[in-house]
Amino acid sequence: MSLENNSPSARLGTFFGLGAALIWGAWPIVTSMGVNESMTPAQVVMLRFIVAGTLLAPFAFRGPSSFKGWGKALVFAICAGAPYTFLVANAFQHAPASHGGVVIPGTVMFISLVAAHFWLGDRLTRTRAFGAFMILLGLLALAGGAAGGIATLRGDLLFMAGGVSWASYTFLLRHWPMDGLVVASRVAVISLVMVCILAGFGFGAGLTDVPVKTVITQGLWQGVLSAIVALLLFNRAVCILGSGRASIINALTPVIAVLLSFIILGEVPTLVEFAGLMTIMAGIAVALGIRIKRGRKIKTPVRLPEPS
């Protein structure tokens, strides 16, 4: 696989893309560590949007600020903001981080391909259809061969639900195109308002009792690196490399998640789980149109915002 040229600008774009993939690939591991050591899922959500919502607030009011525009942002926030993060954070209590790092993007890709075929007129080619089939096959294998039984299956189903939610966000983003930074900012601000309201009913209670080191680590990764830095890096990579080549680099995200979950968390999948993980990742690559051909790359037809 090649990015076709080795110019300084292409190398810089590749660097930006790899930086985003590394941050997003490590996000499942960091989140899993948080919810399985000293934080509740609600506390993770609370911390993420206290940080991200505060930092991104100045950008949320850029451009048109009509009632309709904020209404769309509210829908985006339901699909990709606090509710999505709470759903996925709960899943990490039941299933391994490696599952989250692969199941979520796999589900996003599968749902997005199907939705684009039926509602956007972006017809499935044989290659994309085969990639979608591989993803579905991998998801079934992963769910059926999970070492943790029903508990892990529950987590995988939550990951899949999170993938459906994020896929809905990407579908709506294509239907209601908006500036990427403005969308991310409004989602963060609306989510901040949500968690602040819920805090009055005990949501995220006990956050002040969490060890300072954990708060700093999770706040930095959840609210700064994943929500802001990775998005800016990826958008910059798209500007330099184009959406197709940037998507190829971003396809490394689930691979990074699996490797880091093994190295850092010591997660060793069963044979069936491993086969499922590999099949999903291969399906994503096929659906993206990634090929190896004498150092040249065939352009990719799909670019999706990375779930995090």
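Predicted model only: the values in this text are computed from it and were never measured.

Engineer: Explanation requested: the overall build of the protein chain in the structure shown.
Structural biologist: When its secondary structure is counted, the protein chain shows 12 helices and zero strands. Of the regular secondary structure in the protein chain, the N- to C-terminal order runs α-α-α-α-α-α-α-α-α-α-α-α. For the protein chain, the proportion of its 308 residues judged to be buried stands at 51%. For the protein chain, the exposed surface amounts to about 13900 Å²; the carbon and sulfur share of it is 70%.

Engineer: Looking at this structure, how should I read the side chain of Glu267?
Structural biologist: Following the sequence through the fold, Glu267 ends up in the loop between helix H11 (253-265) and helix H12 (271-288). No salt bridge forms around the buried Glu267; measuring N to O, its nearest opposite-charge neighbour Arg154 is 16 Å away. At 2.8 Å, the side chain of Glu267 forms a polar contact with the backbone nitrogen of Ala97.

Engineer: I keep staring at the environment of Val51 and nothing clicks. Help me out?
Structural biologist: Here Val51 shows up in helix H2 (residues 41-56). Each C-alpha atom of the pair Val51 and Gly219 lies 6.5 Å from the other, and the pair is 168 residues apart in sequence.

Engineer: In this structure, what is going on with the nonpolar core? I would like to understand it.
Structural biologist: One recurring pattern in soluble globular proteins: nonpolar side chains tend to sit buried together. Core analysis: the largest hydrophobic core is formed by 65 residues, its most contacted members being Val88, Phe92, Met109, Phe159, Tyr169 and Val195. Residues contacting Phe159, with those up to four places away along its chain left out, are Val88, Ala91, Phe92, Ala95, Pro96, His99, Gly100, Val103 and Ile104. By size, the runner-up hydrophobic cluster in this structure holds 10 residues, among which are Phe16, Trp24, Leu233 and Phe234.

Engineer: What am I meant to see in the packing of helix H3 (residues 67-80) against helix H4 (residues 82-91) here?
Structural biologist: A pair of packed helices can be characterised by two numbers: the angle between their axes and the separation between those axes. Closest axis-to-axis distance for the H3/H4 pair is 4 Å, and the angle between their directions is 5°. Between H3 and H4, the angle is such that the two are roughly parallel. Side by side, H3 and H4 meet where Ala77, Ile78, Cys79 and Ala80 of the first sit next to Ala82, Pro83 and Tyr84 of the second. Classifying every residue of the contact of H3 with H4 gives seven nonpolar, no polar and no charged.

Engineer: Before we go on, may I ask you to explain the packing of aromatic side chains in this structure?
Structural biologist: What characterises a pair of aromatic rings is the spacing of the ring centres plus the angle enclosed by the ring planes. By the definition in use, this model includes 12 aromatic pairs. An angle of 65° between the planes, with centres 5.9 Å apart, marks the rings of Phe76 and Trp176 as edge-to-face. Placement of Phe76 in helix H3 and of Trp176 in the loop between helix H7 (150-175) and helix H8 (180-199) is noted, with a sequence separation of 100 residues between them. Taken together, a centroid distance of 5.0 Å and an interplanar angle of 70° make the contact between Phe92 and Phe159 edge-to-face.

Engineer: Explain the environment of Val35 to me, please; I cannot follow it from the model alone.
Structural biologist: Take Val35: it is sitting in helix H1 (residues 8-37). The class of Val35 is buried, set by a relative accessible area of 6%. Between the alpha carbons of Val35 and Gln93 there is a distance of 6.5 Å; along the sequence they are 58 residues apart. Setting aside residues up to four positions removed in sequence, Val35 forms contacts with Thr40, Pro41, Val44, Ala89, Phe92 and Gln93.

Engineer: Would you mind showing me how to read a nonpolar patch on the surface here?
Structural biologist: Where nonpolar side chains cluster on the molecular surface, the patch consists of Leu18, Leu252, Val255, Leu259, Phe262, Ile263, Ile264, Leu265 and Val268 and spans about 810 Å² of accessible area. Among the elements that make up the nonpolar patch, the one with the highest residue count is H11 (six residues). Using a relative accessible area of 62% as the deciding quantity, one classes Ile263 as exposed.

Engineer: When you look at H11 in this model, what are you seeing that I'm missing?
Structural biologist: For an α-helix, the turn length of 3.6 residues means that residues three or four places apart are oriented alike. Taking 1.5 Å per residue as the helical rise, H11 with its 13 residues ought to reach 18 Å, and the 17 Å between its terminal C-alpha atoms agrees with that figure. Burial in H11 covers these residues: Thr253, Pro254, Ile256, Ala257, Val258, Leu260 and Ser261.

Engineer: Before we go on, may I ask you to explain the environment of Ala151 in this structure?
Structural biologist: Its place among the elements puts Ala151 in helix H7. On the accessibility criterion, Ala151 (33% relative accessible area) is partly exposed. Linking Ala151 and Ala95, residues 56 residues apart in sequence, is a C-alpha distance of 7.2 Å.

Engineer: Before we go on, may I ask you to explain the packing of H2 against helix H9 (residues 212-241) in this structure?
Structural biologist: At a closest axis distance of 8 Å, the pairing of H2 and H9 adopts a crossing angle of 55°. When the interaxial angle is binned, H2 and H9 end up oblique. The two elements H2 and H9 cross, and the hand of that crossing is right-handed. In this structure, H2 contributes Val44, Leu47, Arg48, Val51, Ala52, Leu55 and Leu56 to the contact, and H9 contributes Val215, Gln218, Gly219, Gln222, Gly223, Val224, Ser226, Ala227 and Ile228.

Engineer: Can you help me understand the side chain of Ser98 in this one?
Structural biologist: Looking at where Ser98 falls in the secondary structure, it is placed in helix H5 (residues 97-119). Relative accessible area serves as the criterion here: at 5%, Ser98 is assigned to the buried category. Among all residues touching Ser98, those that are not within four sequence positions of it are Val258, Ser261, Glu267 and Leu277.

Engineer: How should the confidence of the model for the protein chain be read in this particular structure?
Structural biologist: Interpretation of the predicted coordinates at a detailed level should be avoided for regions scoring low in pLDDT. Scored by pLDDT, the protein chain has a mean of 84; 88% of the residues are at 70 or more. At the low end of the mean pLDDT range in the protein chain sits helix H10 (residues 243-250), at 68; at the high end sits H4, at 95. Note that residues 292-302 has pLDDT below 50 and, in this model, 31 contacts with residues that lie over four places away or in other chains.

The rules behind each value
- Residues numbered from 1 in each chain as written.
- Predicted model: local features only at pLDDT ≥ 70, side-chain atom pairs only at ≥ 80, totals over all residues.
- Heavy atoms only, no water.
- Helix = DSSP H or I, 4+ residues; strand = E, 2+ residues; numbered from the N terminus.
- Buried < 20%, exposed > 50% of the residue type's maximum accessible area, 1.4 Å probe, protein only.
- Areas by Shrake-Rupley, 256 points an atom, 1.4 Å probe, with all protein chains shown as cover.
- Lys, Arg positive; Asp, Glu negative; His and termini not counted.
- Salt bridge = Lys/Arg side-chain N within 4 Å of Asp/Glu carboxyl O.
- Polar contact = N/O pair within 3.5 Å; in protein donor to acceptor, adjacent residues only side chain to side chain.
- Core = buried A, V, L, I, M, F, W, Y, C linked by side-chain atoms within 4.5 Å.
- Contact = heavy atoms within 4.5 Å.
- Axes fitted to C-alpha atoms, helices over the stretch in contact; angles between N-to-C directions.
- Parallel < 35°, antiparallel > 145°, perpendicular 65-115°, else oblique.
- Nonpolar A, V, L, I, M, F, W, Y, C, P; charged D, E, K, R; others polar.
- Phe/Tyr/Trp six-rings, centres within 6.5 Å; stacked < 30°, edge-to-face > 60°.
- Patch = residues over 30% accessible without salt bridge, like charges linked within 9 Å, V, L, I, M, F, W, Y side chains within 5 Å.
- Expected span 1.5 Å × (residues − 1).
- Left-handed = near helix turned anticlockwise from the far one by under 90°.
- pLDDT = per-residue confidence, 0-100.

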